[in-house]
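In case you want the letters, here they are:
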Amino acid sequence: MYAKAPEGELNHGIAMFRKYKNLLSELTRKSVKLKYRNSWLGIVWSFLQPLLNMIVLSVVFSSIFGRNDKNVICYPVFLFSGRLLYEFFTTATRNAMTTFRRNAAIIKKVYVPKYMYPLASILSSFVTLAISMICYVLVWIFFKVTGIAGGGNLIISWRAIFIVLPMFFLLVFSTGVGLVLSVLCVYFRDIEYIYDVLCKLLFYLLPVIYHIKRMPENIRPFIRANPLYHMIELFRQCILYSENMNPKMVLYAAASSVIMLFIGMLIFNWKSDDIIYHL
């Protein structure tokens, strides 16, 4: 016997969201706790993991992309900026993709709006990103004070407060992608392995470890077509280059996020009621 939605609750509207908002908070909190369960350091890994990744990648790529590049200010911080946002996107969408399989037993027994599960996975990853931002600020201050790797060129500006805008765009965009993947993974289990390969490819297609001007001019339009590029670049403009955000990039990132969320909601609402029969 499968749990079915009570009549009048199939539209997943605002009233439905308000009814279950406390459950969303609990699912998000649970996801954060489970991530670090049985770990000695627990949530400290939210600081250590991005820091260690930055150190390793900086050692490997700084001699290739960091030296003699006028477009890069303090390569470790430049790398950290891109890596944080890329890591959030891939982690959030991967977790959302498998959320129905991980919660199949509960979904079959108790009715809850199904979008709560992928949304909670994405929000828990966003909480981790927010915690990792503390590590990012400490790293920024370290290189600024010591002047290592060109850190003396870093500038403190009031524009840093606008980093919330590209982070919000990224959250909305990731939610749309996560909703699509969560449905696809129910019907096509192989998508999980295909997506893992695509994420690795995406890392090198995005200007995370390199500045876009290091790429041939005929390649750059394909990189700029990716909405994630604009979100990463807007983030860097605010906190790394101390520049005003490019209005065209803001518009592109905002439009891409809204469109992707709309597509995600459309596909999810189309197939959400059939998901339970395929778990």
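Source: prediction; values computed, not measured. Numbers given for residues are sequential positions, taken from 1 along each chain in its written order. The predicted origin of the model limits local features to residues at a pLDDT of at least 70 and limits the giving and counting of side-chain atom pairs to 80 or more, whereas totals for whole chains, interfaces and linings rest on all residues. No hydrogens and no water enter the side-chain calculation; it runs on all heavy atoms of the structure.

## A few points about the packing of aromatic side chains
Inclusion rule: Only Phe, Tyr and Trp rings are paired, with Trp represented by its six-membered ring, and only when their centres lie within 6.5 Å; those with planes under 30 degrees apart are stacked, over 60 edge-to-face, the remainder tilted. For the purposes of this entry, the term helix denotes a DSSP run of H or I that reaches at least four residues, the term strand denotes a run of E that reaches at least two, and both are numbered from the N terminus. For every residue, the accessible area (1.4 Å probe, protein chains only) is compared with the maximum for its type, and the residue is labelled buried under 20%, exposed over 50%, or partly exposed between those bounds. Charge-over-ring placement is defined geometrically: NZ (Lys) or CZ (Arg) within 6 Å of the ring centre, and within 35 degrees of the ring normal.
Scanning the model with the defined rule gives eleven aromatic pairs in all. Ring centres of F88 and F126 lie 5.6 Å apart, and the angle between their planes is 75°; this geometry places the pair in the edge-to-face category. Of the two residues, F88 sits in helix α4 (residues 75-97) while F126 sits in helix α7 (residues 116-146), which places them 38 residues apart along the sequence. Look at F88 and you get buried, because its relative accessible area is 3%. With a relative accessible area of 22%, F126 lands in the partly exposed category. Here a set of aromatic residues connected by ring pairs shows up, and it is made of F80, Y136 and F235. One cation-aromatic arrangement involves R236 over F78; the distance from NZ or CZ to the ring centre is 3.6 Å. The ring of W270 carries K271 above its face, with NZ or CZ at 4.7 Å from the centroid.

## Concerning the side chain of R220
The condition that has to hold: Counted as positive: Lys and Arg. Counted as negative: Asp and Glu, with His and the chain ends omitted from the count. By definition, a salt bridge exists where a carboxyl oxygen of Asp or Glu is found within 4 Å of a side-chain nitrogen of Lys or Arg.
Structurally, R220 can be placed in helix α10 (residues 220-224). For R220, which is buried and forms no salt bridge, the nearest opposite charge comes from E217, at a distance of 4.5 Å.

## A closer look at the pattern of salt bridges
Close approach of charged atoms allows side chains of opposite charge to pair. Using the criterion set out here, one finds five salt bridges in the structure. Residue R29 is joined to E26 by a salt bridge in which the shortest nitrogen-to-oxygen separation is 2.6 Å. In this pair, R29 and E26 are both assigned in helix α2 (residues 21-35), three residues apart and thus about one turn of the helix distant. The exposure class of R29 is partly exposed, given its relative accessible area of 39%. Take E26: its relative accessible area is 47%, and that puts it in the partly exposed class. Here D196 and R94 are joined by a salt bridge, their closest N and O atoms 3.2 Å apart.

## Regarding the environment of N244
Filter applied, for reference: By definition in these notes, contact holds between two residues if any of their heavy atoms fall within 4.5 Å. In protein, a polar contact means a hydrogen-donor-capable atom and an acceptor-capable atom, both N or O and within 3.5 Å, with residues adjacent in sequence counting only if both atoms are side-chain atoms; elsewhere, any N or O pair within 3.5 Å suffices.
Topologically, N244 is positioned in the loop between α11 (227-239) and α12 (247-271). In this structure the C-alpha to C-alpha distance between N244 and L234, which are ten residues apart in sequence, comes to 8.9 Å. Ignoring any residue separated from it by four or fewer positions in sequence, one finds N244 in contact with R159 and Q237. A distance of 2.7 Å separates a polar atom in the side chain of N244 from a polar atom in the side chain of R159.

## So, unusual backbone geometry
The backbone phi angle of A149 is positive, close to 55°, even though this residue is not glycine. Along the chain, A149 falls in the loop between α7 and α8 (164-187). A positive phi angle, near 55°, is found at S242, a position not held by glycine. Accessibility expressed as a relative area gives 14% for S242, which makes it buried.

## Let's talk about the environment of L51
If you trace the backbone, L51 turns up in helix α3 (residues 45-66). As for L51 and V139, which are separated by 88 residues in sequence, their C-alpha atoms are 8.2 Å apart.

## Considerations on the nonpolar core
The condition is simple: Nonpolar core, defined: a set of buried Ala, Val, Leu, Ile, Met, Phe, Trp, Tyr and Cys residues in which side-chain atoms within 4.5 Å join the residues together.
Residues V77, Y136 and I209 are the most contacted members of the largest nonpolar core, which totals 64 residues. Among the elements that line this core, the one with the most residues is α4, at 13 residues. If we skip the residues at most four places from it in the chain, V77 touches Y136, V139, W140, F143, L154 and L240. Grouped together as the second largest cluster of nonpolar side chains are 18 residues, Y20, Y117, L119 and V186 included.

## Quick look at the packing of α8 against α11
Keep this limit in mind: For helices, the fitted axis covers only the stretch in contact; all axes are lines through C-alpha atoms, and the angles between them, taken along N-to-C directions, range from 0 to 180 degrees. Here roughly perpendicular refers to angles of 65 to 115 degrees, roughly parallel to angles under 35, roughly antiparallel to angles over 145, and oblique to all remaining angles. A crossing counts as left-handed when the near helix is turned anticlockwise from the far one by less than a right angle, and as right-handed when that turn is clockwise. Charged residues are taken to be Asp, Glu, Lys and Arg, nonpolar residues to be Ala, Val, Leu, Ile, Met, Phe, Trp, Tyr, Cys and Pro, and polar residues to be all remaining types, Gly included.
One way to put it is that α8 packs onto α11 with a least axis distance of 9 Å and a crossing angle of 155°. Our classification of the angle between α8 and α11 gives roughly antiparallel. The two elements α8 and α11 meet at a crossing, and its hand is left-handed. Of the residues in α11, those touching α8 at P166, M167, F169, L170 and F173 are P227, L228, M231, L234 and F235. Looking at side-chain class alone, the contact of α8 with α11 contains ten nonpolar, no polar and no charged residues.

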